[in-house]
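# Working through the structure, step by step
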Amino acid sequence: MTTSEDVWRRESPHILAALMRRFGDFAACEDAVQEALFEASQQWPTKGVPDKPRGWLLRVASRRLIDAKRQDGSRLERERRVFSRDRPDQIVIAEAALENRDSSLQVLALCCHPSLSPDAQVTLTLRAVLGLSTDQIAALYLIPSATAGQRISRAKSTIDENGRHFPRPETTTERLPAMLHALYLMYTAGHSRPNSDDLFDQAVTDEAIRLARLLHAALPDETETAGLLALMLLSEARRPGRRSHAGELVTLRNQDRKRWNSTLVSEGVSLLEAALPTGPVGAYQLQAAISAVHSEAATWEETDWPQIVELYSMLARIAPSPTVTLNYAVAVSEVHGPRAALEMLEPLLADKRMSRSHRLHAVRAPILEALGDSAEALTAYRTASRLCTNVPEQRYINAQITRLSDEVTSDKI
């Protein structure tokens, strides 16, 4: 990871929060943070990282912001007064406590601007809190990069129309759904890195879990917050098994379950068991429950597949999505056979969101193979390989293509 990426992820939310408390102008504050980060990337490799990098970045960003505001002719006199009253060094002194303050959740809440659509809220959060690129956000949403860029531009335009200020939430839970969704997508982003030789982005998943822990600590009675944290922990517990010692992708069916983190499994299950009886069961609790069933099974064959099918049925009713249908079909295949699963997947071929994803074709392929249609399975694998941008996943898919091609050739001899 480069220095710029590391600093962005760790310090950007705190600097942005400090500037917004002082100036309230998101777009200008975000620009100032990016300029400070760029200056750090130019200076730190040769001069070394300052003892207090957060204070250094805050000082530089504050000066850039005030300089930009002073250049605005219509505000010149007012900004001169601001500059004389709030010198950059005084800002740093006033924000000295920031060195020990975590502002990530504050920025997360502020990004959920009430005038923005839910998609725009989450998109802006992924940029401001995690620093994801437009391409990364597009990959998460299964949309073109141009569309993701337009969402970001429209979000900033909407903020401009509302005075470029972020009103604080009136209640602690007012913006909770958008915050949870953003954290969910953040964690998802760390589990499949496009255009990368690595299967995971550990810094992203760790940050998502850290923020989920903070949110759960702040709102311990919110069952969906507990559900999301449980889901992350249970998924993270299985992460060591997803790669072989050589770094190759290992599917859930073939994973060495002794490599799973039993401590994280226990913590996730405990959170879920405490949340389920106390409130309405939401999408994150259901996904965590599915993950718990997988995590507690000794083998793939011993998994309680009927229970997973029932849980997916509930999830599909309250939070339908192509991804839910995709995973639901895998469980249906185990209980009701591949034909029923294939029927569930066929409508997704016409879904524009799924047409750009390799996952639909990677799931269809083994189902087609189970039905004895090796030629169609091979076509599905090849399509998945063409669409896949993660190197370990692509290597796994290509291995299946080689295996199946040999089998089809043998059958023809």
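In case you missed it, the structure is sitting above this.
The notes below deal with the structure included here. This structure is a prediction, so every number in the text was calculated from the model and none was measured.

### Description of the nonpolar core
L19, L183 and M186 are the most contacted members of the largest nonpolar core, which has 96 residues in total. Here the element with the most residues in this core is helix α10 (residues 176-189); it accounts for ten residues. When residues no more than four places from it in sequence are discounted, the contact partners of M186 are L126, V129, L130, V204, E207, A208 and L211. Membership of the second largest hydrophobic core comes to 21 residues, among which are L342, A365, Y381 and L404.

### Focus: the environment of A146
When you line up the elements, A146 lands in helix α9 (residues 145-161). In sequence terms A146 and D135 are eleven residues apart; their C-alpha atoms lie 8.6 Å from each other.

### Things to note about the packing of aromatic side chains
Centre distance and the angle of the planes are the two values used to describe a pair of aromatic rings. Applying the stated rule across the entire model yields four aromatic pairs. Where W44 meets W56, the ring centres are 5.1 Å apart and the plane angle is 65 degrees; that geometry is what we call edge-to-face. Here W44, found in helix α2 (residues 26-47), pairs with W56, found in helix α3 (residues 53-70); they are twelve residues apart in sequence, far enough to count as distant. On the numbers, 5.6 Å between centres and 55 degrees between planes, the contact of Y184 with Y284 is tilted. Of this pair, Y184 sits in helix α10 while Y284 is found in helix α14 (residues 283-296), placing the two residues 100 residues apart along the sequence. For Y184, a relative accessible area of 24% translates into the label partly exposed.

### As for helix α7 (residues 118-130)
A rise of 1.5 Å per residue sets the reference length of α7, with its 13 residues, at 18 Å; its end C-alpha atoms lie 17 Å apart and thus fit the reference within 8%. Burial of α7 is extensive: eleven of the 13 residues sit out of reach of the surface. All of the buried residues in α7 are A120, Q121, V122, T123, L124, T125, L126, R127, A128, V129 and L130.

### Comments concerning the packing of helix α11 (residues 202-218) against helix α12 (residues 223-237)
Running from N to C, α11 and α12 point in directions that differ by 150 degrees, and their axes come no closer than 9 Å. Our classification of the angle between α11 and α12 gives roughly antiparallel. Note that α11 runs across α12; the crossing there is left-handed. Mapping the contact onto sequence places Q202, T205, D206, A208, I209, A212, R213, L215 and H216 in α11 and T225, A226, L229, M232, L233 and E236 in α12. Class assignment of the residues belonging to the contact of α11 with α12 gives a composition of eight nonpolar, four polar and three charged.

### Some remarks on the environment of L105
One can find L105 in helix α6 (residues 104-111). Overall, the relative accessible area of 19% leaves L105 in the buried class. Between the alpha carbons of L105 and L215 there is a distance of 7.2 Å; along the sequence they are 110 residues apart. Filtering out sequence-adjacent residues up to four positions away, L105 remains in contact with M179, L211, L214 and L215.

### Here's the deal with the pattern of salt bridges
Applying the stated rule across the entire model yields nine salt bridges. Between E393 and R359 there is a salt bridge, with the nearest N and O atoms lying 3.1 Å from each other. With E393 in helix α21 (residues 391-412) and R359 in helix α19 (residues 359-370), the pair connects residues that are 34 residues apart, well separated along the chain. On the accessibility criterion, E393 (7% relative accessible area) is buried.

Calculation notes
- Residues numbered from 1 in each chain as written.
- Predicted model: local features only at pLDDT ≥ 70, side-chain atom pairs only at ≥ 80, totals over all residues.
- Heavy atoms only, no water.
- Core = buried A, V, L, I, M, F, W, Y, C linked by side-chain atoms within 4.5 Å.
- Buried < 20%, exposed > 50% of the residue type's maximum accessible area, 1.4 Å probe, protein only.
- Helix = DSSP H or I, 4+ residues; strand = E, 2+ residues; numbered from the N terminus.
- Contact = heavy atoms within 4.5 Å.
- Phe/Tyr/Trp six-rings, centres within 6.5 Å; stacked < 30°, edge-to-face > 60°.
- Expected span 1.5 Å × (residues − 1).
- Axes fitted to C-alpha atoms, helices over the stretch in contact; angles between N-to-C directions.
- Parallel < 35°, antiparallel > 145°, perpendicular 65-115°, else oblique.
- Left-handed = near helix turned anticlockwise from the far one by under 90°.
- Nonpolar A, V, L, I, M, F, W, Y, C, P; charged D, E, K, R; others polar.
- Salt bridge = Lys/Arg side-chain N within 4 Å of Asp/Glu carboxyl O.

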